[in-house]
Amino acid sequence: MEYRNRKKTIIGLVYAVLLCGLGYLIFLSLKAPETCVDGKKNQNETGIDCGGVCGKCIIEPVLEDIRVSEVVSIPGGKDGIYDFSGKVSNPNNDHGASSFTYTFLAKDASGETIFEENGTSFILPKETKYVVEIAMNLPSKPSVVELVIADIQWEKFVEYKEKPNISVYNRVFNRTTSSVEFAEVKGLVANNSEFDFTDVDIVIVLRDDREEIVALHKTDMQTLPSMQQRDFRLIWPDPFVGEVQKIEVQVDTNVYRSDTFIRQYMPNPTELFHRIR
């Protein structure tokens, strides 16, 4: 009797092992194969779908937002006309923005938005620049103006050290004697870099002896080839208040439209950048 019971136990264990093996084989046949796109950390991966057999894991950079400062509105010379200006700074060392949107929001004393103006711009790594809109027709005088940045399209730079060398020479401010002009700023822009540029923007910021902005202006040049110079002249037809003590000239050229600049510093521009170009 004892022998018979032991035999039954052994046979039962054998059947159990066979059933477990059969169940495991069925499970393997139904289980989805492990891949590098299954959204799981499996195989010998060190991260989800990366590392090991799936190739190197890409560490996403931690980027700081574009910073905004010195947002102002100043009268544009005629009733209801105002100019807006704000400084934007990119604190990142090796990432620039091939595109971002900005919005000036003019608000009244109650905080209600009475006017808004939208635009797009770009910025290089570690760059600080002005964003300016002129001749805005507002329904009333704003109590405050805000500048909001959004939709930043970051681009990684490689071995980038400084922005292209574009210099401004012979800048001068004059009060004119013409009956149709109040003042002018003129000067010379020189592209001392090895890159050819299109869409060159010139922004003029005039300050008084207290460093307050008293006037703004901007224009553009269609092209500025390498090692070339071009004159510029901007005029204010209407009077503005304040004595000009300082002339700031910002030459803002869209390097993201220069093929030679891209090949040197941006080996992997994004799809959006190609559409911009």
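This text goes with the structure placed above it.
Residues numbered from 1 in each chain as written. Predicted model: local features only at pLDDT ≥ 70, side-chain atom pairs only at ≥ 80, totals over all residues. Heavy atoms only, no water.

Peer 1: Please provide a residue-by-residue account of the overall build of the chain, values included.
Peer 2: Looking only at helices and strands, one finds three helices and twelve strands in the chain. Expressed as a percentage of its 277 residues, the buried residues of the chain come to 40%. Here the contacts in the chain between residues at least 6 apart in sequence split such that 67% fall between residues at least 24 apart. (Helix = DSSP H or I, 4+ residues; strand = E, 2+ residues; numbered from the N terminus. Buried < 20%, exposed > 50% of the residue type's maximum accessible area, 1.4 Å probe, protein only. Contact = heavy atoms within 4.5 Å.)

Peer 1: Pulling in residues and values, what's your account of the sheet that holds strand β7 (residues 166–175)?
Peer 2: Pairing in this open sheet of three strands is antiparallel, and the strands run β7-β8-β11 from one edge to the other. At either end of the open sheet lies a strand with only one pairing partner, and these are β7 and β11 (229–236). Looking at each pair of strands side by side, their axes are set apart by 15 degrees on average, direction ignored. The pairing of β7 with strand β8 (residues 183–191) spans eight bridges and is classified as antiparallel. (Pairing = 2+ DSSP bridges. Axes fitted to C-alpha atoms, helices over the stretch in contact; angles between N-to-C directions.)

Peer 1: Lay out unusual backbone geometry in plain terms, naming residues and giving numbers.
Peer 2: With a phi angle near 50 degrees, D151 is a residue other than glycine that sits in the positive phi range. Tracing the backbone through its elements, the reader meets D151 in strand β6 (residues 144–156). Unusually for a residue other than glycine, N170 sits at a positive phi of about 55 degrees. Counting through the fold element by element, N170 comes out in strand β7. Taking the relative accessible area as the measure of exposure, N170 reaches 62% and is therefore exposed.

Peer 1: Which residues make up the sheet that holds strand β3 (residues 95–107), and what values go with them?
Peer 2: Judged by pairing direction, the sheet is antiparallel, and its three strands sit side by side in the order β4-β3-β6 without closing on themselves. Here the strands that pair on one side only, and so sit at the sheet edges, are β4 (113–123) and β6. Ignoring strand direction, the axes of neighbouring strands in this sheet form an average angle of 15 degrees.

Peer 1: Please set out the pattern of salt bridges residue by residue, giving values where relevant.
Peer 2: Should the charged atoms of two oppositely charged side chains come close, the side chains can pair. Scanning the model with the defined rule gives 14 salt bridges in all. Between E184 and K186 there is a salt bridge whose closest N-O contact spans 3.7 Å. The residue K246 makes a salt bridge to E211 at a minimum N-O spacing of 3.6 Å. Taken together, the residues span a long stretch of sequence, with K246 in strand β12 (residues 246–253) and E211 in the loop between β9 (197–207) and β10 (213–224) at a distance of 35 residues. In this structure K246 comes out as partly exposed when scored by relative accessible area, which is 34%. Linked by salt bridges that have partners in common, E70, K87, R207 and E248 make up one network. (Salt bridge = Lys/Arg side-chain N within 4 Å of Asp/Glu carboxyl O.)

Peer 1: Give a detailed account of the nonpolar core, specifying residues and quantitative values.
Peer 2: Residues V189, I204, L206, F232 and F240 are the most contacted members of the largest nonpolar core, which totals 33 residues. If you list the elements that add at least two residues to this core, you get β7, β8, β9, β10, β11, β12 and α2 (259–265). Residue contributions to this core peak at five residues, all from β9. Of all hydrophobic cores here, the second largest spans 18 residues; its members include Y82, F84, Y102 and L138. (Core = buried A, V, L, I, M, F, W, Y, C linked by side-chain atoms within 4.5 Å.)

Peer 1: Go over the state of the cysteines with me, naming the residues and quoting the values.
Peer 2: A full pass over the atoms with the stated rule returns two disulfides. Note that C36 is cross-linked by a disulfide to C54, the S-S spacing being 2.0 Å. Given an S-S torsion of about -85 degrees, the disulfide between C36 and C54 has left-handed geometry. Of the two residues, C36 sits in the loop between α1 (2–30) and β1 (67–75) while C54 sits in the loop between α1 and β1, which places them 18 residues apart along the sequence. Linked covalently through their sulfurs, C50 and C57 form a disulfide whose S-S length is 2.0 Å. Taking the sign of the S-S torsion, 90 degrees for the link of C50 and C57, the bridge is right-handed. What makes C57 partly exposed here is its relative accessible area of 25%. If the cysteines joined by disulfides in the chain are listed in sequence order, their pairing comes out as 1-3, 2-4. (Disulfide = S-S within 2.5 Å.)

Peer 1: For the packing of aromatic side chains, give the residues involved together with the corresponding values.
Peer 2: Remark: the centre distance and the inter-plane angle together describe each pair of aromatic rings, the angle taken between the planes. In total, this model carries nine aromatic pairs according to the counting rule given. Considering the side-chain rings of F195 and F197, the 6.2 Å spacing of their centres and the 50 degrees angle between planes classify their relative orientation as tilted. Judged by its relative accessible area of 2%, F197 is buried. Taking 5.9 Å as the distance between ring centres and 70 degrees as the angle between the ring planes, the aromatic pair formed by W236 and F240 counts as edge-to-face. Each member of the pair, W236 as well as F240, is classed as buried. Following the ring pairs from residue to residue traces out a cluster consisting of F84, Y102, F104 and F115. In this arrangement the basic side chain of K129 is found over the ring face of F122, its NZ or CZ atom lying 4.1 Å from the centre. A cation over a ring is seen here: R175 above F240, with NZ or CZ 5.8 Å from the ring centre. (Phe/Tyr/Trp six-rings, centres within 6.5 Å; stacked < 30°, edge-to-face > 60°. Lys NZ or Arg CZ within 6 Å of the ring centre and 35° of its normal.)

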